Amino acid sequence: MHISLRAGEKLYINGAVLRVDRKVSLELLNDATFLLEAHVMRVEEANTPLRQLYFIVQVILMNPGDAAAAHEMFNESIRRTTETFEQEEVVNGLRNVAQLVQMNRIFEALKCIRGLFSIEAEIMSGMAVSPNQAA
């Protein structure tokens, strides 16, 4: 896996935070759990149900030492979040996220949650029509 970073950019890898001082290209030669700075959500950005779930999953990835507590938070949050949404696409996506986390495929779970952000934004703006309103 090749990763290119700009000067000053951070990379979170296996619980460590790396910051590069100049443009650099890295090649990961074995399996590693990593997150690019562009995909890191700050706590103040976790202001919707899916963003809060993303933040919890991010903690699992970035801080493996506290993963047990984050997994407990995840289990409660995924249950509540799934109950919040009626849209089949979101519910199915959340089921997929739960399976990915259970299989310890955390990066893929984050990617799946990010894919649901636009649907959540539509729902929260009132643009989405629920199945009950479509009739």
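Shown above is the structure to which this text applies.
Quick notes on the rules
Residues numbered from 1 in each chain as written. Predicted model: local features only at pLDDT ≥ 70, side-chain atom pairs only at ≥ 80, totals over all residues. Heavy atoms only, no water. Pairing = 2+ DSSP bridges. Helix = DSSP H or I, 4+ residues; strand = E, 2+ residues; numbered from the N terminus. Axes fitted to C-alpha atoms, helices over the stretch in contact; angles between N-to-C directions. Core = buried A, V, L, I, M, F, W, Y, C linked by side-chain atoms within 4.5 Å. Buried < 20%, exposed > 50% of the residue type's maximum accessible area, 1.4 Å probe, protein only. Contact = heavy atoms within 4.5 Å. Parallel < 35°, antiparallel > 145°, perpendicular 65-115°, else oblique. Left-handed = near helix turned anticlockwise from the far one by under 90°. Nonpolar A, V, L, I, M, F, W, Y, C, P; charged D, E, K, R; others polar.

Draft legend 1. Molecular detail of the pairing of strand E2 (residues 10–13). Judged from the four bridges that link them, E2 and strand E3 (residues 16–19) form a sheet pairing that is antiparallel. If you follow Ile-13 over to E3, its bridge partner there is Ala-16. Joining the antiparallel neighbours E2 and E3 is a turn of two residues, in which Asn-14 adopts a positive phi near 50°. With three bridges joining them, E2 and strand E5 (residues 34–36) adopt antiparallel strand pairing. Pairing of Tyr-12 across the sheet is with Leu-35, part of E5.

Draft legend 2. Looking closely at the sheet that holds E2. One open sheet accounts for three strands, arranged E3-E2-E5; its pairing is antiparallel. In the strand order of this sheet, the two ends are held by E3 and E5, each with one partner. For this sheet, the mean inter-axis angle between neighbouring strands, taken without regard to orientation, is 20°.

Draft legend 3. Examining the nonpolar core more closely. Counting residues in each nonpolar core, the largest one holds 31 residues, and the members touching the most others are Val-57, Phe-74, Leu-94, Val-97, Val-101 and Ile-113. Every element with two or more residues in this core is listed here: helix H1 (49–62), helix H2 (67–84), helix H3 (88–102) and helix H4 (106–125). The element best represented in this core is H4, accounting for eight residues. Once residues within four sequence positions are removed from consideration, Leu-94 is found in contact with Leu-50, Leu-53, Ile-78, Thr-81, Thr-82, Phe-85 and Leu-116.

Draft legend 4. Quick peek at the packing of H3 against H4. H4 packs onto H3 with a crossing angle of 160° between their chain directions and a minimal axis gap of 9 Å. In terms of orientation, H3 lies roughly antiparallel with respect to H4. Crossing handedness for the pair H3 and H4: left-handed. Judged by residue contacts, Glu-89, Val-90, Gly-93, Leu-94, Asn-96, Val-97, Leu-100 and Val-101 of H3 engage Ile-106, Glu-108, Ala-109, Cys-112, Ile-113, Leu-116, Ile-119 and Ile-123 from H4. Split by residue class, the contact of H3 with H4 holds twelve nonpolar, two polar and two charged.

Function cannot be inferred from these measures alone, as they are strictly geometric.
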